[in-house]
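Close look at the chain arrangement
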Amino acid sequence: MSILRTATIATCITLGSAVVMLAIAPAGAAEKQAAALPSLAANISETSVSGISSGAYMAGQFEIAHSKIVKGAAIIAGGPYGCAESAFADMMTGPGLAFFNMSKAINGCMLNALAMWGVPDPELLAEKTRKLADAGRIDPLASLLDDRVYFFSGSNDRTVVPAIVAAAYDFYKRLGVPESNLTYVSNLPAGHAFVTDSQGLACENTGTPYVVNCNYDQAGSVLTWIYGRMNPRVDTPAGQFLEFDQTPFFADIPNNGMDDRGVVYIPPACAEAQSPAKACRVHVAFHGCSQNRENTGETFIRDSGYANWADNNGFIILFPQAAASPVNPQGCWDWWGYTGRDYLTREAPQIRIVYKILEQLEKPRS
């Protein structure tokens, strides 16, 4: 699940050595209509986010943009906020911005090939983040300082190397998040993938569907780090994996890079009316490149383990979906500016859309 990788043409994005083939439905094929996302009176002021690969970058971007409502984040095989932004970012817009950012993203924010030139530079990135907060383009950094953040790098990850994840850890320290609120797991021989204790490929692998079995419950570790002690997980989730229509949330947002459909897991308790004190919280799980439903079905959604923890702990699990396109053939989340120069801020198309989905979950039950 390489986030980006150079090929013969600089703008080509591939997955390892495999060519990503996009399936085309036969002409006239009927497609089941997706459901509307229900309003569930969720408590979105206790939201958390996680992501793998490009999803890790998006998890950090969403957390920093909306730190007033985000309690914590998990950065799994991803680097520091704003890492891909080139020195030319303030001088250009349109495709040129993404092109220049892409080179830095690959070499400096995945492979660590620009380390001798000081890329990534956690202190410089922290200073840029402070300026965005001062300009009101992201939430005040004071609301970030009590977040609890989990970082993970597998020792066999050659796609986003461990030094890049270590730079993300350093970035949060430089923003002022106490080290007691940060944890960095780097002692497992995982490839570039989301880690489980029973599902997926052998631990050291990097390959479709980018879920590996390292005898480690990453979903449980993430949620426990962010929220504290959890009730036991269930073997089989008893709730509903609901495919919902994402299009109402981006009807007025062009060039957004989103798929028409997303998935939300709703536990039985969250489907029923609750008192405000027992309102369900939301965890947003961002897939990685080529890990969306279009490419791997629902493997990440069902095998990550988040739903198993949701039933007994009052979590709605949101799995938003990015789409493949000519400028983004792997269906990556935007961490290098393919949706425009606001991609790091509250005005980023994808951040706006996910926030609108959360607002819908927050609405009183109809």
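For the structure, check the block above.
None of these values were measured; they are calculated from a predicted model.

Tracing the backbone through its elements, the reader meets Val264 in strand E9 (residues 261-266). Spatially, the C-alpha atoms of Val264 and Leu318 are 4.5 Å apart, while their sequence positions differ by 54 residues. If we ignore the near neighbours within four places in the chain, the residues touching Val264 are Leu37, Gln240, Phe241, Leu242, Phe244, Ile316, Ile317 and Leu318.

Summarising burial for E9: six of the six residues are buried, a large majority. Across the two faces of E9 the burial is the same, with Arg261, Val263 and Tyr265 and Gly262, Val264 and Ile266 all buried. Judged from the three bridges that link them, E9 and strand E11 (residues 315-319) form a sheet pairing that is antiparallel. Across the sheet, residue Val264 finds its bridge partner in E11, namely Leu318.

Here the focus is the sheet that holds strand E7 (residues 211-213). Sheet architecture is open: three strands sit in the order E5-E7-E6, paired in parallel fashion. Single-partner strands in this sheet number two, and they are strand E5 (194-196) and strand E6 (201-202). Two strands pair when backbone bridges link them, and E5 and E7 are joined in this way by three bridges, in the parallel orientation. In the sheet register, Val195 faces E7, and the bridge partner there is Val212.

So, on to the sheet that holds strand E3 (residues 148-152). Taken together, the eight strands give an open sheet; going across it, the order is E4-E3-E2-E1-E10-E11-E9-E8, and neighbouring strands pair in mixed fashion. Across the chains shown, the open sheet's two edge strands, defined by having one partner strand only, are strand E4 (182-185) and strand E8 (240-245). Geometrically, the sheet is characterised by an average inter-axis angle of 15 degrees between neighbouring strands, direction not taken into account. Judged from the six bridges that link them, strand E1 (residues 47-52) and strand E2 (residues 70-76) form a sheet pairing that is parallel. The residue bridging Gly51 from the neighbouring strand is Ile75, located in E2. Taken strand by strand, helix H1 (residues 54-65) contacts E1, E2, E3 and strand E10 (281-286), and its axis lies near 155 degrees from that of E1.

Let's shift gears to the nonpolar core. Within the largest apolar cluster, 76 residues are counted, with the highest numbers of intra-cluster contacts made by Phe151, Tyr172, Val282, Phe286, Ile316, Leu318 and Trp336. Leaving out residues up to four positions away in the same chain, Val282 has contacts with Ala42, Asn43, Ile44, Glu46, Thr47, Ser48, Tyr227, Ile316, Leu318, Leu358 and Leu361.

Here we take up the packing of aromatic side chains. By convention here, two paired aromatic rings are described through the distance between centres and the angle between planes. Summed over all chains, the structure comprises 15 aromatic pairs. Ring centres 6.0 Å apart and planes at 85 degrees place the aromatic pair Phe300 and Phe319 in the edge-to-face group. Of this pair, Phe300 sits in helix H8 (residues 299-303) while Phe319 sits in strand E11, placing them 19 residues apart in sequence. Classification of Phe300 as buried rests on a relative accessible area of 4%. Counting every residue linked through ring pairs, the aromatic cluster contains Tyr81, Phe151, Tyr169, Phe171, Tyr172 and Tyr184. The ring of Trp225 has Arg148 sitting right over it, with the charged end atom 3.9 Å from the ring centre. Positioned over the ring face of Phe241 is Arg302, at 4.2 Å from the centre of the ring.

Under the 1.5 Å per step criterion, the end-to-end length of helix H3 (residues 122-134) is 18 Å for 13 residues, consistent within 8% with the ideal 18 Å. Buried residues of H3: Pro122, Leu125, Ala126, Thr129, Leu132 and Ala133, and no others. All buried residues of H3 project into a common sector of 115 degrees when viewed along the axis, lining one side. In this structure, H3 carries Lys131 and Asp134 as exposed residues pointing more than 90 degrees from its buried face. Elements that come into contact with the buried residues of H3 comprise H1 and helix H4 (162-175). The backbone nitrogen of Glu123 has a side-chain oxygen 3.2 Å away, supplied by the residue at the start of H3, namely Asp121. Phi for Gly136, located one or two positions after H3, is positive at around 75 degrees.

Here we come to the environment of Tyr150. Relative to the helices and strands, Tyr150 is located in strand E3. In this structure the C-alpha to C-alpha distance between Tyr150 and Val185, which are 35 residues apart in sequence, comes to 7.8 Å.

Turning our attention to the state of the cysteines. Applying the stated criterion across every chain, the model contains four disulfides. Here Cys270 connects covalently by a disulfide to Cys280, the sulfurs 2.0 Å from one another. Of note, the bridge from Cys270 to Cys280 carries an S-S torsion of about -95 degrees and is left-handed in sense. Pair noted here: Cys270 is in helix H6 (residues 268-271) and Cys280 is in the loop between H6 and E10, with a separation of ten residues, a long-range link. The buried category is assigned to Cys270, whose relative accessible area is 0%. Judged by relative accessible area, Cys280 falls into the buried class, the value being 5%. Between the sulfur of Cys289 and that of Cys332 lies a disulfide, 2.1 Å long from S to S. Handedness here is read from the sign of the S-S torsion; for Cys289 and Cys332, about 125 degrees, the answer is right-handed.

Attention now moves to the side chain of Ser304. By the secondary structure assignment, Ser304 is in the loop between H8 and helix H9 (306-310). Within the structure, Ser304 has its side chain in polar contact with the backbone oxygen of Phe300 (distance 2.9 Å).

Reading the values: the criteria
Residues numbered from 1 in each chain as written. Predicted model: local features only at pLDDT ≥ 70, side-chain atom pairs only at ≥ 80, totals over all residues. Heavy atoms only, no water. Helix = DSSP H or I, 4+ residues; strand = E, 2+ residues; numbered from the N terminus. Contact = heavy atoms within 4.5 Å. Buried < 20%, exposed > 50% of the residue type's maximum accessible area, 1.4 Å probe, protein only. Pairing = 2+ DSSP bridges. Axes fitted to C-alpha atoms, helices over the stretch in contact; angles between N-to-C directions. Core = buried A, V, L, I, M, F, W, Y, C linked by side-chain atoms within 4.5 Å. Phe/Tyr/Trp six-rings, centres within 6.5 Å; stacked < 30°, edge-to-face > 60°. Lys NZ or Arg CZ within 6 Å of the ring centre and 35° of its normal. Expected span 1.5 Å × (residues − 1). Arc of directions from axis to C-beta. Polar contact = N/O pair within 3.5 Å; in protein donor to acceptor, adjacent residues only side chain to side chain. Disulfide = S-S within 2.5 Å.

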